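# Examination of the molecular architecture
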Amino acid sequence: MTSNWEHQFRNRMSQFEAERPLRTDEVALSIKARVNLGCFHRQHSPHAYEIIDEYLHSNRVELLNISFEEHESGPEILVYMAVTAAGLQLAASIINLIATIIKARSEGVKRGDSRSAPVDLIVRRMDKDGKFYEEKVLEFRYRDPVDQKVIEIKLKEGIAKCLGINEPEDSRNQEK
């Protein structure tokens, strides 16, 4: 039986895909920054969202093929990712946005935003048969350093697990 949450997720993903249909080499994904406890939304994290909003505004051209969703538990990015023979291709602008969200959470807590619970970085997707996949790829406490290369590597590993594929050895070696 499908939970209400999964039904809502399926609807969000379907709406996202309807706005621009998938190309043959793409997969639609959700990348979520979810707090372990409490809230990470505009009302409780105004300083963080000030930073996130500034980033989204100044990079809107690069981020046209995404959907930025606000939830009480944290922001979610719906995105297309290219899956090619060369491996998984995730745009640098997406990695930058994710790093910005995590850094904004830390900076927001330092400036007085409520709750300093860790943030989990999660990758999710639904396959064409409606099966749900989720992988936790990283956990950040508000004082942890944010390394974009680590985020990229861990995201690709989590995405590969969600897709049930192994990244080509050459692709993994290039990232080290």
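### Topic: the packing of helix 2 (residues 46–58) against helix 3 (residues 92–111)
The interhelical angle for the contact between helix 2 and helix 3, taken along N-to-C directions, is 155°, at an axis separation of 7 Å. The orientation of helix 2 with respect to helix 3, classified from their angle, is roughly antiparallel. Relative to helix 3, the crossing made by helix 2 is right-handed. Taken together, the residues of helix 3 that come into contact with helix 2 (itself represented by His47, Ala48, Glu50, Ile51, Ile52, Tyr55 and Leu56) are Ser93, Asn96, Leu97, Thr100, Ile101, Ala104, Arg105, Glu107, Gly108 and Arg111.

### Quick notes on the nonpolar core
The biggest cluster of nonpolar side chains holds 39 residues, and the ones touching the most others in it are Ile94, Leu97, Ile98, Leu121, Ile151, Leu155 and Ile159. Secondary structure elements with two or more residues in this core: strand 1 (26–35), helix 2, strand 3 (76–84), helix 3, strand 5 (119–126), strand 6 (132–140) and helix 4 (148–163). In terms of residues, this core owes the most to one element, helix 3, which gives 8 residues. Dropping the residues within four chain positions of it, Ile151 is found in contact with Ile95, Ile98, Ala99, Ile102, Leu121, Leu138, Phe140 and Val146. Formed by 7 residues, the second largest nonpolar core is a distinct cluster that contains Phe9, Met13, Tyr80 and Met126.

### Considerations on the confidence of the model for the protein chain
Chain-level statistics for the protein chain give a pLDDT mean of 87 and a share of 93% at 70 or above. Per-element mean pLDDT across the protein chain ranges from 46 in helix 5 (residues 169–175) up to 95 in helix 2. Predicted confidence is poor over residues 168–176, with pLDDT under 50, and the contacts of this stretch with residues over four places away or in other chains come to 9 contacts.

### Side note on the packing of helix 3 against helix 4
Axis separation between helix 3 and helix 4 bottoms out at 10 Å; the angle between their running directions is 115°. Between helix 3 and helix 4, the crossing angle belongs to the class labelled roughly perpendicular. Helix 3 and helix 4 meet at a crossing whose hand is right-handed. Residue-level inspection shows Ile95, Asn96, Ile98, Ala99, Ile102 and Lys103 of helix 3 in contact with helix 4, the latter providing Gln148, Ile151, Glu152 and Leu155. Partitioning the contact of helix 3 with helix 4 into residue classes produces 6 nonpolar, 2 polar and 2 charged.

### Overview of the packing of aromatic side chains
If you walk through the whole model with that rule in mind, you get 5 aromatic pairs. Between Phe9 and Phe132 the ring centres are 5.6 Å apart and the planes differ by 85°, which places this aromatic pair in the edge-to-face class. Here the residue Phe9 occupies a position in helix 1 (residues 4–19), and Phe132 occupies one in strand 6, the gap between them amounting to 123 residues. Among the residues examined, Phe132 registers a relative accessible area of 22% and is labelled partly exposed. Each member of the aromatic cluster is reached from another via a ring pair, and the members are Trp5, Phe9 and Phe132.

Criteria and thresholds
- Residues numbered from 1 in each chain as written.
- Predicted model: local features only at pLDDT ≥ 70, side-chain atom pairs only at ≥ 80, totals over all residues.
- Heavy atoms only, no water.
- Axes fitted to C-alpha atoms, helices over the stretch in contact; angles between N-to-C directions.
- Helix = DSSP H or I, 4+ residues; strand = E, 2+ residues; numbered from the N terminus.
- Parallel < 35°, antiparallel > 145°, perpendicular 65-115°, else oblique.
- Left-handed = near helix turned anticlockwise from the far one by under 90°.
- Contact = heavy atoms within 4.5 Å.
- Core = buried A, V, L, I, M, F, W, Y, C linked by side-chain atoms within 4.5 Å.
- Buried < 20%, exposed > 50% of the residue type's maximum accessible area, 1.4 Å probe, protein only.
- pLDDT = per-residue confidence, 0-100.
- Nonpolar A, V, L, I, M, F, W, Y, C, P; charged D, E, K, R; others polar.
- Phe/Tyr/Trp six-rings, centres within 6.5 Å; stacked < 30°, edge-to-face > 60°.

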